Amino acid sequence: MLIHVRYILIYMKPGTYCESCLMPFKNDTGVRTSDKYCSLCYTDGKFCYEGNLKDFQKICYENMVKSGMNKVQAWIFAFMIRFAPRWKNMGSAQTPQTDKQPTIEIKSTE
Ligand SMILES: [Zn+2]
């Protein structure tokens, strides 16, 4: 899965898609004010959404499903947002580690 995503991104030409949500500019129906970001992500000189990646992915997923996209496809696109230039430079420090390591309990059966 991850390999396929990277493979796709290599073939995406820089400057042809939004660096925040990865939407190709040719799909952008709004008026774009930045050469890096689409009209949905960036308007009036600032980002429309300033929160964290996880919430941003959720918003994008919901919007894509609302616009009639297949749920699996929408999930894949939302997943890929983590590779967008805007987010991949943020570093793992911004993403709190929530998944705990499973603890193995050894019970003696006497
Ligand atoms: Zn965008």
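A short tour of the structure in this document, coming up.

Cut-offs used in this document
- Residues numbered from 1 in each chain as written.
- Predicted model: local features only at pLDDT ≥ 70, side-chain atom pairs only at ≥ 80, totals over all residues.
- Helix = DSSP H or I, 4+ residues; strand = E, 2+ residues; numbered from the N terminus.
- Buried ≥ 20, exposed ≤ 12 C-beta atoms within 10 Å, placed from the backbone.
- Contact = placed C-beta atoms within 7 Å.
- Core = buried A, V, L, I, M, F, W, Y, C linked by C-beta atoms within 7 Å.
- Expected span 1.5 Å × (residues − 1).
- Arc of directions from axis to C-beta.
- Axes fitted to C-alpha atoms, helices over the stretch in contact; angles between N-to-C directions.
- Parallel < 35°, antiparallel > 145°, perpendicular 65-115°, else oblique.
- Left-handed = near helix turned anticlockwise from the far one by under 90°.
- Nonpolar A, V, L, I, M, F, W, Y, C, P; charged D, E, K, R; others polar.

1. Details of the overall build of the protein
A count of helices and strands for the protein gives 4 helices and 2 strands. Each helix and strand of the protein, placed in order from N terminus to C terminus, yields the pattern α-β-β-α-α-α. Within the protein, buried positions represent 15% of all 110 residues. Long-range contacts, defined here as pairs at least 24 residues apart, represent 30% of the contacts in the protein between residues at least 6 apart.

2. Considerations on unusual backbone geometry
For Leu22, which is not glycine, the phi torsion reads 70° and is therefore positive. Tracing the chain through its elements places Leu22 in the loop between α1 (2–10) and β1 (42–43). Exposure remark for Leu22: the 23 C-beta atoms within 10 Å place this residue in the buried category. Unlike most non-glycine residues, Asp44 shows phi in positive territory, near 55°. Residue placement: Asp44 occurs in the loop between β1 and β2 (46–47).

3. Topic: the nonpolar core
Core analysis: the largest hydrophobic core is formed by 16 residues, its most contacted members being Cys18, Cys21, Leu22, Cys38 and Ile81. At 3 residues, helix α2 (residues 53–66) tops the list of elements feeding residues into this core. Setting aside residues up to four positions removed in sequence, Leu22 forms contacts with Tyr17, Met80, Ile81 and Ala84.

4. Notes on α2
In this model α2 runs 20 Å from its N-terminal to its C-terminal C-alpha over 14 residues, within 8% of the 20 Å that 1.5 Å per residue would give. Considered for burial, the residues of α2 that qualify are Phe56, Cys60 and Met64. The buried residues of α2 occupy an angular sector of 70° when the element is viewed end-on, so they sit on one face. Looking at α2, the residues exposed on the side facing more than 90 degrees away from the buried face are Lys54, Asp55, Lys58, Glu62 and Lys66.

5. Digging into the packing of α2 against helix α3 (residues 71–80)
At their nearest, the axes of α2 and α3 sit 9 Å apart, and the two run at 150° to each other. Taken as axis vectors, α2 and α3 run roughly antiparallel relative to one another. Here α2 runs over α3; the crossing is right-handed. Together, Gln57, Cys60, Tyr61, Met64 and Val65 of α2 and Lys71, Ala74, Trp75, Phe77 and Ala78 of α3 make up the contact between the two elements. Classifying every residue of the contact of α2 with α3 by side-chain character gives 8 nonpolar, 1 polar and 1 charged.

6. A closer look at the environment of Pro85
Within the secondary structure layout, Pro85 lies in helix α4 (residues 85–88). Once the C-alpha coordinates of Pro85 and Glu19 are considered, the two residues, 66 residues apart in sequence, prove to be 5.3 Å apart.

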